[in-house]
Structures are given as C-alpha cells and as structure tokens.
Amino acid sequence: MKDLKSQASKSTTPGKGGLTPEIQSRIGHQLRAMYDDVVRQGVPDRFAELIKKLDAPGATPQVENGGGSNDNNGRD
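Residues numbered from 1 in each chain as written. Predicted model: local features only at pLDDT ≥ 70, side-chain atom pairs only at ≥ 80, totals over all residues. Heavy atoms only, no water.

### Side note on the overall build of the protein chain
Of regular secondary structure, the protein chain possesses three helices and zero strands. Taken from N to C terminus, the helices and strands of the protein chain fall in the order α-α-α. Expressed as a percentage of the 76 residues in the protein chain, the buried residues total 7%. Accessible surface computed for the protein chain: about 7400 Å², of which carbon and sulfur atoms make up 53%. (Helix = DSSP H or I, 4+ residues; strand = E, 2+ residues; numbered from the N terminus. Buried < 20%, exposed > 50% of the residue type's maximum accessible area, 1.4 Å probe, protein only. Areas by Shrake-Rupley, 256 points an atom, 1.4 Å probe, with all protein chains shown as cover.)

### Observations regarding the UniProt feature "domain: Anti-sigma factor NepR" (unreviewed entry) in the protein chain
Per the UniProt entry, the sites bearing "domain: Anti-sigma factor NepR" (unreviewed entry) are residues 24–56 in this numbering. Helix makes up 88% of residues 24–56 and strand 0%, and the two end C-alpha atoms of the span are 45 Å apart. (UniProt positions renumbered as here; feature names shortened; annotations may be inferred.)

### Description of helix α2 (residues 21–41)
Here α2 is 21 residues long and its end C-alpha atoms lie 31 Å apart, about the 30 Å a rise of 1.5 Å per residue gives. Count one or two residues on from α2 and you reach Gly-42, which has phi positive near 75 degrees. (Expected span 1.5 Å × (residues − 1).)

### Considering a nonpolar patch on the surface
Side chains of Leu-19, Ile-27, Leu-31 and Met-34 sit close together on the surface and give an oily, nonpolar patch of about 370 Å² of accessible area. Relative to the elements of secondary structure, Leu-19 occurs in the loop between α1 (2–11) and α2. (Patch = residues over 30% accessible without salt bridge, like charges linked within 9 Å, V, L, I, M, F, W, Y side chains within 5 Å. Salt bridge = Lys/Arg side-chain N within 4 Å of Asp/Glu carboxyl O.)

### Observations regarding the confidence of the model for the protein chain
A low pLDDT means the predicted coordinates there should not be read in detail. Of the residues in the protein chain, 57% reach a pLDDT of 70 or more, and the chain-wide mean stands at 76. For the protein chain, per-element mean pLDDT is lowest for α1, which scores 56, and highest for α2, which scores 95. (pLDDT = per-residue confidence, 0-100.)

Set out below in structure tokens:
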C-alpha cells in the first residue's frame, strides 16, 4: 500500500488530485480479485434456507424473538 501512495505522489500532477491510469488499473485489478473471492464463497446455507422458505408459495415471514423484548407495549 505504501508503494501505491509513493507512486501516486510521484506520478500525479500536483493540485489535480487524480490518479494515473496505471494506479487506476492496479486498483481495478485488486477490486476484481476481492469481488471474485467473495463470489466464490457462495451463499451461506442458513441464507439459502431462508430464501427457499420465503420463495415457497403461501410463505409468510416469521420473525423469531432473539431474546430481546419487542412486544410494543404502550405503542400504537
């Protein structure tokens, strides 16, 4: 990361605040690599099950009470 900063300070015209095409390209490659890694991880099983339940005909979402109190006492 330091290398990118030092290149940016050397390669850009002072006062313009832009990045060189080389740095933009490197950032793009790194972002694509991170995105590809996230896509490869796939959807967690619990999310896939939830989506399947919600997509089922006649499905009504049910919220589980995770220990907190959300009973809306005294609220309209």
